[in-house]
Amino acid sequence: MNKPRVTAVLLLAIGFCIAPALAVAADDGAMKEQQMPVPMQRDHLFEERAGTWKATCDEMEENRIYCRMFHIEQFGEWKAKNFIQVGPAWTPDSVGFVIATYQGFKAGTTVTIGIDRHSRHKITAPKGNNLMISPDIAAKILEEMEKGHKIVVTFNSHSGVRHLTLAELGPYQALLAKVKGQLAKNSRGTNAQ
């Protein structure tokens, strides 16, 4: 991957992790339902929710569009709030898959991602709060998600507690069609709605 693509994916991952962390820190109420927190009030080129999934698209320089979709699940751990955020991020030229958690991954933990009955994707997480999956593995995961029903993610947090996240993919698939419509504007060279 060339340097501009890597930079764009890194910037997406940073934005992917910071906004939910701010929302989690600001929210003192317990979530009764699986709802997406509102990360920050800002205007996006496109923003929509379906179930526990949220999609946003924004413009980069040169009127190029980048998008991201994510599922956020909040939970308590040792009397502290935590979250996991899972989903793809697209630049005009590439796609990646990001998993982020507020308390971070235990160094060397194996993160497993499974869609329905497909074989599990196993990635060793670095110490930190987010994991960016390589484009070749991300492409396989996204292909399975387009046709699948559920995604399961497991990992050990920084404190060593094992987490399991399960998300329905029907709402993801409904939003994906709309995100692809936004990304198609990159090939047409116009971002007019």
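Below is a summary of the structure that appears in this document. Given the structure is predicted, the values throughout are model-derived calculations rather than measurements.

Let's shift gears to the environment of H71. Among the structural elements, H71 can be located in strand β3 (residues 65-77). Taking the C-alpha atoms as reference points, H71 and E168, 97 residues apart in sequence, are found 9.4 Å from one another. Side-chain polar atoms of H71 contact the side chain of T52, separated by 2.7 Å.

What follows covers unusual backbone geometry. It is generally the case that most residues other than glycine have a negative phi and that most peptide bonds are trans. A positive phi angle is found at N63, which is not glycine, with a value near 55°. Mapped onto the elements, N63 comes out in the loop between β2 (53-59) and β3. Even without glycine at this site, D116 takes up a positive phi of about 50°. Summarising the element assignment, D116 is placed in the loop between β6 (110-115) and β7 (121-124).

Looking now at the environment of A100. As for its placement among the helices and strands, A100 is situated in strand β5 (residues 95-105). A residue is classified by how much of its surface remains accessible, and A100, at 1% relative accessible area, is buried. Placed 28 residues apart in sequence, A100 and I72 show a C-alpha to C-alpha distance of 9.4 Å.

Rules used throughout
Residues numbered from 1 in each chain as written. Predicted model: local features only at pLDDT ≥ 70, side-chain atom pairs only at ≥ 80, totals over all residues. Heavy atoms only, no water. Helix = DSSP H or I, 4+ residues; strand = E, 2+ residues; numbered from the N terminus. Polar contact = N/O pair within 3.5 Å; in protein donor to acceptor, adjacent residues only side chain to side chain. Buried < 20%, exposed > 50% of the residue type's maximum accessible area, 1.4 Å probe, protein only.

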